[in-house]
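# Structure assessment
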Amino acid sequence: ILSRRLGAVLLLVLLLIAATAAAAEGSKSGSGDGKAHNYEEALRKSLLYFEAQRSGRLPHGQRVPWRDHSGLTDGLEQGVDLVGGYYDAGDHVKFGLPMAFTVTMLSWSMLEYGADVAAAGELAHALEAIKWGTDYFIKAHTQPDELWAEVGDGDTDHYCWQRPEDMTTSRQAYKVDRDHPGSDVAGETAAAMAAASMVFRKSNPHYAHLLLHHAQQLFEFADGYRGQYDSSIAEVKSYYASVSGYKDELLWAALWLHRATGKPGYLDYVVDNAHDFGGTGWAITEFSWDVKYAGVQILAARVLLLRGEHTAEQKRTLERYQAKAEHYVCACLGRNAQAGGEDANVERSPGGMLYIRQWNNMQYVTNAAFLLSTYADYLAEAGVGTVTCAGGETAGAGEVAALARAQVDYVLGTNPRGVSYLVGYGAKYPARVHHRAASIVPYKHSKQFIGCSQGFEHWFGRRSSNPNVLVGAIVGGPDRRDRFRDNRDNYMQTEACTYNTAPMVGMFAKLNRMAREERERRAATARSGTVS
């Protein structure tokens with residue numbers, strides 16, 4: 001045991017050195033000024049963004065002054081209280097699937113890097129960000145087999161450019177139940193509440209127990225009444241269609257419930273359904289609010305590497321999960337053998353950004369950075385130094401960690417344009433974010449009603465910068481050639497989403513700690529040199 005721990009410590013040191021060196025080199029070549037990034041500032045600002053996305057009655061401690069109460073009658077027509085939650089992006093629909101994924105990733109950030117968040121003084125804000133979502137999910141889960149999965153209608157909302165405080169668009173609510181199943185949205189919500197229950201276990205045990213109770217009920221509902229939610233709620237199909245189906249969410253939820261409860265039945269579920277649900281079949285090169293397989297495979301690999309809670313028979317299946325996890329990691333590294341086809345690896349822009357597709361590519365970048373970072377950490381803790389790629393080539397765990405950091409630094413401005421895609425950070429960042437509330441005069445400054453067409457006529461088409469800075473938002477980002485057009489109508493690149501920023505909370509906290517440790521090492525070395 002001692003040798004294993006010493007090996008893990010050595011690997012962690014090597015990872016830190018490799019990642020720091022790679023990031024330093026990238027910063028010199030990309031940003032032009034050679035300055036290190038301020039990850040603590042980035043962390044603080046990323047958490048502010050979630051306050052800008054709040055729906056409902058805002059608390060006294062609200063730190064984004066240009067937002068006010070909104071959506072105060074949500075659910076009223078259906079006889080339920082659906083006030084609260086988050087707007088997903090630059091509009092005012094509350095979509096349950098991406099909102100739940102956002103909370104899952106915020107919670108995973110805290111489970112892996114919560115101590116780093118606390119060390120930066122942001123623990124309270126991070127917990128508030130998670131709880132704003134989970135409080136809403138508790139309201140939305142009105143019966144064991146009933147979950148309200150959407151409030152608002154995307155079609156009417158998109159024909160309107162209004163502040164949320166002035167909202168006149170439909171607030172129709174839509175649910176999934178036994179007769180109209182939605183295993184994907186119910187499964188993701190179960191995952192979010194299970195993950196969040198662990199975050200609150202010490203600080204608020206009663207709340208944690210409540211979340212876990214809801215998570216277990218939702219999983220039973222999702223598994224017992226199977227079906228895609230976009231078949232039950234037609235209105236969501238044009239916006240958040242479940243292209244991957246629901247089987248990845250069922251595996252995802254089961255793994256989170258296993259981590260939260262330690263009950264072997266959940267691990268049995270993941271192993272028994274590994275083949276039929278695609279968990280050990282799909283070799284995936286993306287991870288997002290829709291496609292969870294890479295996250296499933298990395299969580300399963302964690303059980304294999306670190307937990308020792310599996311039987312010998314389960315080990316063989318978990319090893320197949322790990323092989324697919326490493327296919328994803330190697331795809332990001334560009335190290336899978338080309339015999340696997342053109343899609344075996346992830347494309348890179350000339351500036352080094354992972355590129356999946358033109359619409360909101362940054363969601364894939366930030367989520368990839370998080371998965372790569374956590375997997376590198378799992379390897380280090382397990383005393384494993386390499387990953388095995390398709391075709392037999394290997395890559396060092398330090399290389400995995402370095403790529404994760406390089407993607408974060410690209411977001412922060414280490415890129416050919418020298419633009420930070422985290423709004424409000426750095427000298428250059430998007431000024432015309434596609435976001436209704438940010439682009440119109442604040443409600444607190446002018447309570448005069450602004451209608452749908454008036455918003456388009458007087459605010460949407462303006463060439464000037466938004467009157468409100470959407471601090472902490474990560475926009476859709478550049479194209480495959482690192483090109484970016486900062487126009488409000490360029491929604492593929494300038495719209496920000498909650499699930500872009502959520503995984504970065506953990507990454508900024510971790511990299512802030514690593515940067516601090518590096519400064520301390522340099523200072524100690526300098527003192528040592530002075531003494532000698």
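Note: the structure precedes this text.
To start, this report covers the structure provided alongside it. (Residues numbered from 1 in each chain as written. Predicted model: local features only at pLDDT ≥ 70, side-chain atom pairs only at ≥ 80, totals over all residues. Heavy atoms only, no water.)

### Notes on the pairing of strand E2 (residues 146-151)
E2 sits mainly inside the fold: six of its six residues count as buried. Note: E2 against strand E3 (residues 173-177), five bridges, orientation antiparallel. Pairing of Glu150 across the sheet is with Tyr174, part of E3. (Buried < 20%, exposed > 50% of the residue type's maximum accessible area, 1.4 Å probe, protein only. Helix = DSSP H or I, 4+ residues; strand = E, 2+ residues; numbered from the N terminus. Pairing = 2+ DSSP bridges.)

### Some thoughts on helix H2 (residues 39-52)
Taking 1.5 Å of rise per residue, the 14 residues of H2 would be expected to cover 20 Å, and the 20 Å separating its terminal C-alpha atoms lies within 8% of that figure. Most of H2 sits out of view: 11 of its 14 residues are buried. Regarding H2, the residues found buried are Tyr39, Glu41, Ala42, Leu43, Lys45, Ser46, Leu47, Tyr49, Phe50, Glu51 and Ala52. Measuring from the side-chain oxygen of the N-cap residue of H2 to the backbone nitrogen of Glu40 gives 3.3 Å; that N-cap residue is Asn38. (Expected span 1.5 Å × (residues − 1). Polar contact = N/O pair within 3.5 Å; in protein donor to acceptor, adjacent residues only side chain to side chain.)

### What to know about the side chain of Asp88
Inspection of the secondary structure assignment puts Asp88 in the loop between H2 and strand E1 (94-95). Buried within the structure, Asp88 lacks any salt-bridge partner; its nearest side chain of opposite charge belongs to Arg436, at an N-O separation of 8.5 Å. Within polar-contact distance, the side chain of Asp88 engages the side chain of Tyr240 at 2.4 Å. Not counting residues up to four positions away in its chain, the partners in contact with Asp88 are Tyr49, Gln53, Val93, Phe95, Tyr240, Ala496, Cys497 and Thr498. (Lys, Arg positive; Asp, Glu negative; His and termini not counted. Salt bridge = Lys/Arg side-chain N within 4 Å of Asp/Glu carboxyl O. Contact = heavy atoms within 4.5 Å.)

### Structural notes on the sheet that holds E2
Here we have three strands laid out as an open sheet, ordered E1-E2-E3, and antiparallel in their pairing. In this open sheet, the two edge strands, each paired with only one partner strand, are E1 and E3.

### Section: empty space enclosed by the protein
Under the definition given, this model contains four cavities of 30 Å³ or more. In this structure, the largest cavity occupies an estimated 50 Å³ of space. Around the largest cavity, the lining residues are Gly96, Tyr136, Phe137, Ala140, Leu147, Trp148, Ala149, Val185 and Thr189. When residues of the lining of the largest cavity are traced back to their parent elements, those giving at least two are helix H4 (123-140), E2 and helix H6 (183-199). Residue composition of the lining of the largest cavity, by class: seven nonpolar, two polar and no charged. (1 Å grid on protein atoms, 1.4 Å probe; cavity = no way out; pocket = protein on both sides within 12 Å on 5 of 7 lines; lining within 4 Å. Points joined across faces, edges and corners; volume = space filled by probe spheres on them. Nonpolar A, V, L, I, M, F, W, Y, C, P; charged D, E, K, R; others polar.)

### Considerations on the side chain of Ser349
Within the secondary structure layout, Ser349 lies in the loop between strand E4 (347-348) and strand E5 (354-355). By relative accessible area, Ser349 is classed as buried at 4%. Only 2.6 Å separates the side chain of Ser349 from the side chain of Asp482, close enough to count as a polar contact. Apart from the residues lying within four places of it in its own chain, the contact partners of Ser349 are Tyr410, Asp479, Arg480 and Asp482.

### Structural notes on the state of the cysteines
Summed over all chains, the structure comprises two disulfides. Residue pairing for Cys160: its cysteine sulfur links by disulfide to Cys452, the two sulfurs lying 2.0 Å apart. Linking Cys160 and Cys452, the disulfide has an S-S dihedral of approximately -85° and is accordingly described as left-handed. Pair noted here: Cys160 is in the loop between helix H5 (154-158) and E3 and Cys452 is in helix H17 (residues 452-460), with a separation of 292 residues, a long-range link. (Disulfide = S-S within 2.5 Å.)

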